[in-house]
Amino acid sequence: MSTILETVRKDADVRPFSTRLKIWLWRNQIAWIIAAAVILVISLKFRQAEGTQSAKAAAPTATAAASAQADGNLPRSEPPQHDVMAIVNGKDISRVDLTKACVERHGEDVLESLVNKRLILNHCEKRGIAITNEDIAAEIDRMAKRFQLSREQWFEMLEKERGITPQEYARDIVWPTLALRKLAAQEVKPTREEIDQALEREFGASVNARLIAVGNQELANKLHQQLTANPELFPRLAIEHSIDINSASVGGLIQPIRRHLGDPGIEQAAFALQPGQVSQVLPVAGQFVILKCESHNPPRTVDRVKVEQELAEKITDEKLREASHTLFAQLQSAATLVNVYNNPELRQTMPGVVATVNGDRVTMKELGDECLLRHGEAILEGEISQMLLEQSLKKESVTVTDADLDAEVRHAAELAGVVDAQGKADLAKWFKAVTEEQGIEKDEYLRDAVWPSAALKKLTASTVAVTEEDINKGFEANYGQRVRCRAIVLGTMRRAQEVWDKARRNPSIEYFGDLAEEYSIEPTSKNLRGEVPPIQRFGGQQQLEEAAFALQEGELSGIVQVGDKFLILRCEGRTEPMNINQDEVREILSRDIYEKKLRLAMSEKYESIRENSRIDNYLASTSQAPPERTAKSRGNGMLQDPAVRPTAGMTR
């Protein structure tokens, strides 16, 4: 839906107040997600190592596989032990090579987690802490129930949203979480005061308000004088002056202010206001804020016993994160840790060892096995893809040169706007940005991102051309007339029909906004009462565009299905085409369209290569063979690269 209902309010530069405000306003709505995220964050430090530690405190092992499957615990899923991990068109990818590739890409991170795992295991043993399979099964059921999901639905959500398999969840998240709870049981118990504050924060009274934030007090005082004289000016002044872009774009509207969520001064000022009143100028984090109260919301009636139990669990999870940080800081400061992996001299004197933890050795074999276990499938997919491209290049007698790689890097830098004063790619700055922001080495970036892109470009560039029709459509999409609409996005046809009937019975724009605010499942349009960016022609959503351009001002559309969502549009008029001559922008359009058509062609080429290859993946237990030539059908178009948005002016 992001291509349909792209947010009107682009994120501004991060500012202290804006950041804090966002936390205040959304925390109550994502509290359950935070609870799960707390556990996920903690678990990153404690991914389990396959070793010879005492079974006393260890997570489920392969020997417990039969009983674990029966009682709900999920055993460690070991990679196949044979030497060949995959065969690609008759060529092997060996276990040794795959393990090496996994260690090269993830060795440092996995080693850190192995070391931390050893620390927590040792501490558990000293404290007599034991985590059983039954404990793990009960915790999995508890978390699923907490989110009102079945165990299967919970696992499905984790894998889809977080990329975590059930096995990883049991051994790498649940086990460390339970161990931490037992180690820090007294520290994480919520107090009566904490529960009362959480109850008031999430279910207590709140204030609907508008906000203006500016950078200097003189301007704030001037605005305050105007607003004191005429509070109705608040939306217009917010649009014109507020530096908090998210709220400014909607006339200063913010999410309801609740108690115990952020700055006490903001909360106190908001709750002291009556509807229509404007606050004094409030200094907050180097900025100056003015609030206007729109209305007060009374506390919600809830089942206090049930809610308090849920809040206590959430508070426990939040305190667990803090307690775990303190605990591990203490463990690490008291431990004797030696990183052999990153020390060439120590590697010479301690062959086969990657680290020592209080004298206990972590071996390269352990590190390799753990890297393969955690990242083997993903890395193997990359190795298969690279081998497929190498085979295709050889088949077509094409070579990727250093000059091709250099050109691809420069092109990427220029597209990202990382250029010098002359408009040329600033490679030093680009490599720094890539390596620091993505957390990867330069060689890894060249190997895993640049080389595949350059290879596919060599295989496809000669097949791509920009036609006059492409130019015309691109011009219309970028500079032509657009339809101004409001939209309601629904998840089911039944609900869409219900809401559509309500909108038809009361055609006013105010009521349509009310319906969008109540029913739309798309957050941005919901918060903006159905407001969405004007809809263009040839933007990649033909059915939506046809429905929008068929409407006249004030008209309601039928129900428009786009993917798995159902949309209701209400037309608010048309924009004027931009007064630009097509010839003036022909070169810009041509470059943009060529770039996107090339990316689509590259995607299609790769899919064709893969579809017509024999691939036996023993790690994932999958196998495919080329389709019979007589039965082969390629369909009617290009496959879209997920990283490339629909091309304005693309021939379809």
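Thresholds applied
- Residues numbered from 1 in each chain as written.
- Predicted model: local features only at pLDDT ≥ 70, side-chain atom pairs only at ≥ 80, totals over all residues.
- Heavy atoms only, no water.
- Helix = DSSP H or I, 4+ residues; strand = E, 2+ residues; numbered from the N terminus.
- Contact = heavy atoms within 4.5 Å.
- Areas by Shrake-Rupley, 256 points an atom, 1.4 Å probe, with all protein chains shown as cover.
- Core = buried A, V, L, I, M, F, W, Y, C linked by side-chain atoms within 4.5 Å.
- Buried < 20%, exposed > 50% of the residue type's maximum accessible area, 1.4 Å probe, protein only.
- Pairing = 2+ DSSP bridges.
- Axes fitted to C-alpha atoms, helices over the stretch in contact; angles between N-to-C directions.
- Expected span 1.5 Å × (residues − 1).
- Polar contact = N/O pair within 3.5 Å; in protein donor to acceptor, adjacent residues only side chain to side chain.
- Phe/Tyr/Trp six-rings, centres within 6.5 Å; stacked < 30°, edge-to-face > 60°.
- Parallel < 35°, antiparallel > 145°, perpendicular 65-115°, else oblique.
- Nonpolar A, V, L, I, M, F, W, Y, C, P; charged D, E, K, R; others polar.
- Salt bridge = Lys/Arg side-chain N within 4 Å of Asp/Glu carboxyl O.

Enquirer: Teacher, can you tell me more about the overall build of the protein here?
Expert: Helix and strand counts for the protein stand at 24 helices and 14 strands. Here the analysis covers contacts within the protein between residues at least 6 apart in sequence; of these, 73% occur between residues at least 24 apart. Summing over all exposed atoms, the protein offers an accessible surface of approximately 33900 Å²; the carbon and sulfur share of this is 50%.

Enquirer: How should the nonpolar core be read in this particular structure?
Expert: As a rule of thumb, soluble globular proteins bury nonpolar side chains together. Membership of the largest hydrophobic core comes to 54 residues, with the highest contact counts inside it found for Leu-98, Leu-111, Leu-367, Leu-380, Ile-384 and Leu-389. The element that contributes the greatest number of residues to this core is helix H15 (residues 364-395), accounting for 10 residues. The residues touching Leu-367, leaving out its near neighbours within four places in the chain, are Val-103, Gly-107, Val-110, Leu-111, Leu-114, Tyr-341 and Val-354. Counting 30 residues, the second largest nonpolar core, distinct from the first, contains Cys-124, Met-143, Tyr-169 and Ile-173.

Enquirer: Please explain unusual backbone geometry as it appears in this structure.
Expert: A negative phi holds for most residues other than glycine; trans holds for most peptide bonds. Positive phi is not limited to glycine here, since Asn-89 has a value of about 50°. Mapped onto the fold, Asn-89 is located in the loop between strand S1 (84-88) and strand S2 (91-94). Judged by relative accessible area, Asn-89 falls into the partly exposed class, the value being 37%. One non-glycine residue with positive phi stands out, namely Ala-285, at about 50°. Relative to the assigned elements, Ala-285 resides in the loop between strand S5 (282-284) and strand S6 (287-297).

Enquirer: Sorry, what's going on with the sheet that holds strand S12 (residues 565-574) here?
Expert: By definition, the strands of a sheet pair up through backbone hydrogen bonds, in either a parallel or an antiparallel sense. Taken in spatial order, the three strands line up as S10-S12-S11 in an open sheet, and their pairing is antiparallel. A strand with exactly one partner marks an edge of an open sheet, and here the two such strands are strand S10 (483-490) and strand S11 (556-562). Here the strands of the sheet are splayed against their neighbours by 30° on average, with no regard to which way each runs. Here eight bridges tie S10 to S12, and the two strands are oriented antiparallel to one another.

Enquirer: Would you explain helix H5 (residues 133-146) in this entry?
Expert: Each turn of an α-helix holds 3.6 residues, which means side chains three or four residues apart point in the same direction. Helix length check: H5, at 14 residues, gives a terminal C-alpha distance of 20 Å against a target of 20 Å (1.5 Å per residue), a fit within 8%. Every buried residue belonging to H5 is among Asn-133, Ile-136, Ala-137, Glu-139, Ile-140, Met-143, Ala-144 and Arg-146, and all of these are buried.

Enquirer: Teacher, can you tell me more about the pairing of S12 here?
Expert: A regular strand places its side chains so that they alternate between the two faces of the sheet. Across the 10 residues of S12, seven count as buried, placing the element largely inside the fold. Examined bridge by bridge, S11 and S12 share five bridges and lie antiparallel to one another. In the sheet register, Ile-559 faces S12, and the bridge partner there is Ile-568. The turn joining S11 and S12, which pair antiparallel and follow one another in sequence, is formed by two residues; a positive phi near 65° is taken by Gly-563.

Enquirer: What exactly am I supposed to notice about the side chain of His-224 here?
Expert: Mapped onto the secondary structure, His-224 falls in helix H9 (residues 217-229). Among the polar contacts made by the side chain of His-224, one reaches the main-chain carbonyl oxygen of Ser-279 at a distance of 2.9 Å.

Enquirer: Explain the sheet that holds strand S8 (residues 353-357) to me, please; I cannot follow it from the model alone.
Expert: Read from one edge of the open sheet, three strands run S7-S8-S9, paired in antiparallel fashion. In the strand order of this sheet, the two ends are held by strand S7 (337-339) and strand S9 (360-363), each with one partner. Direction aside, the axes of adjacent strands within the sheet are offset by 20° on average. In the sheet, S8 pairs with S9 via four bridges, with the strands oriented antiparallel. Looking at S9, one finds that Val-357 is bridged to Asp-360. Strand contacts of helix H4 (residues 95-127): S7, S8 and S9, with the helix running at about 30° to S8, the strand carrying the most contacts.

Enquirer: Before we go on, may I ask you to explain the packing of aromatic side chains in this structure?
Expert: For any pair of aromatic rings, geometry is given as the distance between the ring centres together with the angle between the planes. In the structure shown here, the tally under the stated rule is five aromatic pairs. Taking 4.8 Å as the distance between ring centres and 25° as the angle between the ring planes, the aromatic pair formed by Phe-147 and Trp-154 counts as stacked. One exposure class covers both Phe-147 and Trp-154, and it is buried. Look at Phe-475 and Tyr-479: their rings are 5.3 Å apart centre to centre, the planes differ by 40°, and that puts the pair in the tilted class. Placement of the pair is Phe-475 and Tyr-479 together in helix H19 (residues 468-479), with a separation of four residues, close to one helical turn. As far as the burial class goes, Phe-475 and Tyr-479 line up, both buried. One aromatic cluster is present, formed by Phe-147, Trp-154, Phe-155 and Tyr-169 through successive ring pairs.

Enquirer: It is not clear to me how the packing of H5 against helix H6 (residues 151-162) should be interpreted in this structure. Could you clarify?
Expert: For any two helices packed against each other, the geometry comes down to the angle between their axes and how far apart the axes lie. The geometry of H5 relative to H6 is characterised by a closest axis approach of 9 Å and an angle of 80° between their N-to-C directions. With respect to each other, H5 and H6 are oriented roughly perpendicular. Between H5, through Ala-137, Ile-140, Asp-141, Met-143 and Ala-144, and H6, the contact on the second element is made entirely by Arg-151, Trp-154 and Phe-155. Counted by class, the contact of H5 with H6 contains six nonpolar, no polar and two charged residues.

Enquirer: Explain the packing of helix H18 (residues 442-460) against helix H24 (residues 582-611) to me, please; I cannot follow it from the model alone.
Expert: Contact pair H18 / H24: the axes reach a minimum separation of 9 Å and the direction vectors enclose 95°. When the axes of H18 and H24 are compared, the pair comes out roughly perpendicular. Residue-level inspection shows Ser-453, Leu-456, Lys-457, Leu-459 and Thr-460 of H18 in contact with H24, the latter providing Leu-598, Arg-599, Ala-601, Met-602, Lys-605, Tyr-606 and Ile-609. Tallied by class, residues from the contact of H18 with H24 come to seven nonpolar, two polar and three charged.

Enquirer: So what exactly am I meant to see when it comes to the pattern of salt bridges here?
Expert: If the charged atoms of two oppositely charged side chains come close together, the side chains can form a pair. Scanning the model with the defined rule gives 44 salt bridges in all. Here Arg-599 and Glu-595 are joined by a salt bridge, their closest N and O atoms 3.1 Å apart. Within this pair, Arg-599 and its partner Glu-595 are both found in helix H24, separated by four residues, close to a single helical turn. Taking the relative accessible area as the measure of exposure, Arg-599 reaches 16% and is therefore buried. Taken together, the shared-partner salt bridges in this structure form one network comprising Glu-104, Arg-105, Glu-383, Arg-447 and Asp-448.

Distances and angles like these do not, on their own, reveal function.
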